[in-house]
Amino acid sequence: DTAVSQTPKYLVTQMGNDKSIKCEQNLGHDTMYWYKQDSKKFLKIMFSYNNKELIINETVPNRFSPKSPDKAHLNLHINSLELGDSAVYFCASSQPGQGIAAQHFGDGTRLSIL
Amino acid sequence: TQLLEQSPQFLSIQEGENLTVYCNSSSVFSSLQWYRQEPGEGPVLLVTVVTGGEVKKLKRLTFQFGDARKDSSLHITAAQPGDTGLYLCAGENQAGTALIFGKGTTLSVSS
């Protein structure tokens, strides 16, 4: 039973298009995240949501809009895709207690912009 | 700005060898985490170290948190091909709201 699942796994599209990535977690966690991993494997936080509320928006262009319909889902919509958006996007969840708890990651969505 | 520097960036060794991966910062972290990521998958948590000077063991993996809580190391004894992967260290940002990751160490163990 997959804990954090994101779809699609691969996304190939043209520059200028709009696309969405979906994420669902069945762990009952309150906090969900989106990370971007670039071609050099550097993983960087983009957004954090706690109980459907935005906590972090880390200098991400406003072409990226996260949406959390409920605490088990955090989707990422990207408008007007650019070449530099090509990366692997990871969704994660955690249940903070004292400090940052273990992050449970999905398997990533590899986005390729043509 | 909090940064975590990992070294080496790449490591290619033979089965049975020992190795150490380092994670250093000029900032103090309340805790550090180590993750392993395999191709096509997301990172998976290996360990969290919380107390300065702490040593944790996970089978052939030994993790140490520096006394000043600014650095950590991961030592693997008698590496096996199954240890191959990307090793990432991560620490909590100052606001306590997200993780900052190092740039990772790609380990390749050949038989």
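Relevant structure appears above.
None of these values were measured; they are calculated from a predicted model. (Residues numbered from 1 in each chain as written. Chains lettered and ligands numbered in written order. Predicted model: local features only at pLDDT ≥ 70, side-chain atom pairs only at ≥ 80, totals over all residues. Heavy atoms only, no water.)

*Asks:* Break down the overall build of chain B for me, citing the residues and quoting the values.
*Replies:* On a plain count of helices and strands, chain B comes out with zero helices and eleven strands. In sequence order, chain B lays out its α and β elements as β-β-β-β-β-β-β-β-β-β-β. Principal-axis analysis of the C-alpha atoms places the extent of chain B at approximately 45 × 30 × 20 Å. For chain B, buried positions account for 47% of its 111 residues. For chain B, long-range pairs separated by at least 24 residues make up 54% of all intrachain contacts whose partners lie at least 6 apart in sequence. (Helix = DSSP H or I, 4+ residues; strand = E, 2+ residues; numbered from the N terminus. Buried < 20%, exposed > 50% of the residue type's maximum accessible area, 1.4 Å probe, protein only. Contact = heavy atoms within 4.5 Å.)

*Asks:* Explain the overall build of chain A residue by residue, including any values.
*Replies:* For chain A, the count of helices and strands is zero helices and eleven strands. Taken from N to C terminus, the helices and strands of chain A fall in the order β-β-β-β-β-β-β-β-β-β-β. What you see for chain A is a C-alpha radius of gyration of 13 Å, in line with the 13 Å of a compact globule of 114 residues. With the C-alpha coordinates aligned to their principal axes, the bounding extent of chain A is approximately 40 × 30 × 30 Å. Relative to its 114 residues, chain A shows a buried fraction of 44%. Residue pairs in contact within chain A that sit at least 24 positions apart in sequence constitute 54% of those at least 6 positions apart. Within the structure as shown, chain A displays about 5800 Å² of accessible surface, and the carbon and sulfur contribution to it stands at 48%. Side chains of chain A carry 12 positive and 11 negative charges; the gap between the two charge centres is 5 Å. (Rg over C-alpha atoms; globule rule 2.2 N^0.38 Å. Areas by Shrake-Rupley, 256 points an atom, 1.4 Å probe, with all protein chains shown as cover. Lys, Arg positive; Asp, Glu negative; His and termini not counted. Charge placed at Lys NZ, Arg CZ, Asp CG, Glu CD.)

*Asks:* Pulling in residues and values, what's your account of the sheet that holds strand β8 (residues 73-78) of chain A?
*Replies:* Residue and element names in this part refer to chain A. Read from one edge to the other, the open sheet built from four strands follows the order β1-β3-β8-β7, with strand pairing classed as antiparallel. Of all strands in the sheet, those with a lone pairing partner are β1 (4-7) and β7 (64-70), marking the two edges. Ignoring which end each strand starts from, the neighbouring axes of this sheet average 20° apart. Pairing geometry for strand β3 (residues 19-25) and β8, over four bridges, is antiparallel. Looking across to β8, one finds that E24 is bridged to H73. (Pairing = 2+ DSSP bridges. Axes fitted to C-alpha atoms, helices over the stretch in contact; angles between N-to-C directions.)

*Asks:* With reference to specific residues and values, describe the interface of chain B and chain A.
*Replies:* Residue-level contacts link 19 residues of chain B with 21 residues of chain A. Taking both sides of the interface into account, the surface hidden between chain B and chain A amounts to around 1500 Å²; carbon and sulfur atoms contribute 61%. When the buried area of chain B at its contact with chain A is split by residue, B:T97, B:L99 and B:F101 rank highest and sum to 28% of it. Between the two partners, chain B and chain A, sit zero salt bridges. Along the contact surface separating chain B from chain A lie four residue pairs in polar contact (both at pLDDT 80 or more). Of all elements in the fold, only β4 (32-37), β9 (85-92) and β10 (99-101) of chain B reach the threshold of two or more residues within the side of chain B that touches chain A. (Buried area = accessible area lost by both parts, 1.4 Å probe. Salt bridge = Lys/Arg side-chain N within 4 Å of Asp/Glu carboxyl O. Polar contact = N/O pair within 3.5 Å; in protein donor to acceptor, adjacent residues only side chain to side chain.)

*Asks:* Can you lay out the sheet that holds strand β6 (residues 55-58) of chain B for me, pointing to particular residues and giving the numbers?
*Replies:* Residues and elements named next belong to chain B. Strand order across the open sheet formed by five strands is β1-β3-β8-β7-β6, with antiparallel pairing between neighbours. The strands lining the two open edges of the sheet, one partner per strand, are β1 (5-7) and β6. Taking each pair of neighbouring strands and ignoring which way they run, the sheet shows an average axis angle of 15°. Note: β6 against strand β7 (residues 61-65), four bridges, orientation antiparallel. Across the sheet, L58 pairs through a bridge with L61, a residue of β7.

*Asks:* Please set out the side chain of A:H29 residue by residue, giving values where relevant.
*Replies:* Residues and elements named next belong to chain A. Along the chain, H29 turns up in the loop between β3 and β4 (31-37). Owing to a relative accessible area of 10%, H29 belongs among the buried residues under this scheme. Leave out the neighbours within four places in its chain, and H29 touches K71, S93, S94, Q95 and H104.

*Asks:* Quick one: what's the story with the environment of B:L99, residue by residue and with numbers?
*Replies:* Following the sequence through the fold, B:L99 ends up in strand β10. Take B:L99: its relative accessible area is 4%, and that puts it in the buried class. Setting aside residues up to four positions removed in sequence, B:L99 forms contacts with A:Y35, A:I45, A:I100, A:Q103, B:Q33, B:Y35, B:A90, B:G91 and B:E92.

*Asks:* Describe the side chain of B:N93, with residues and values.
*Replies:* By the secondary structure assignment, B:N93 is in the loop between β9 and β10. There is a polar contact of 2.8 Å between the side chain of B:N93 and the backbone nitrogen of B:T97.

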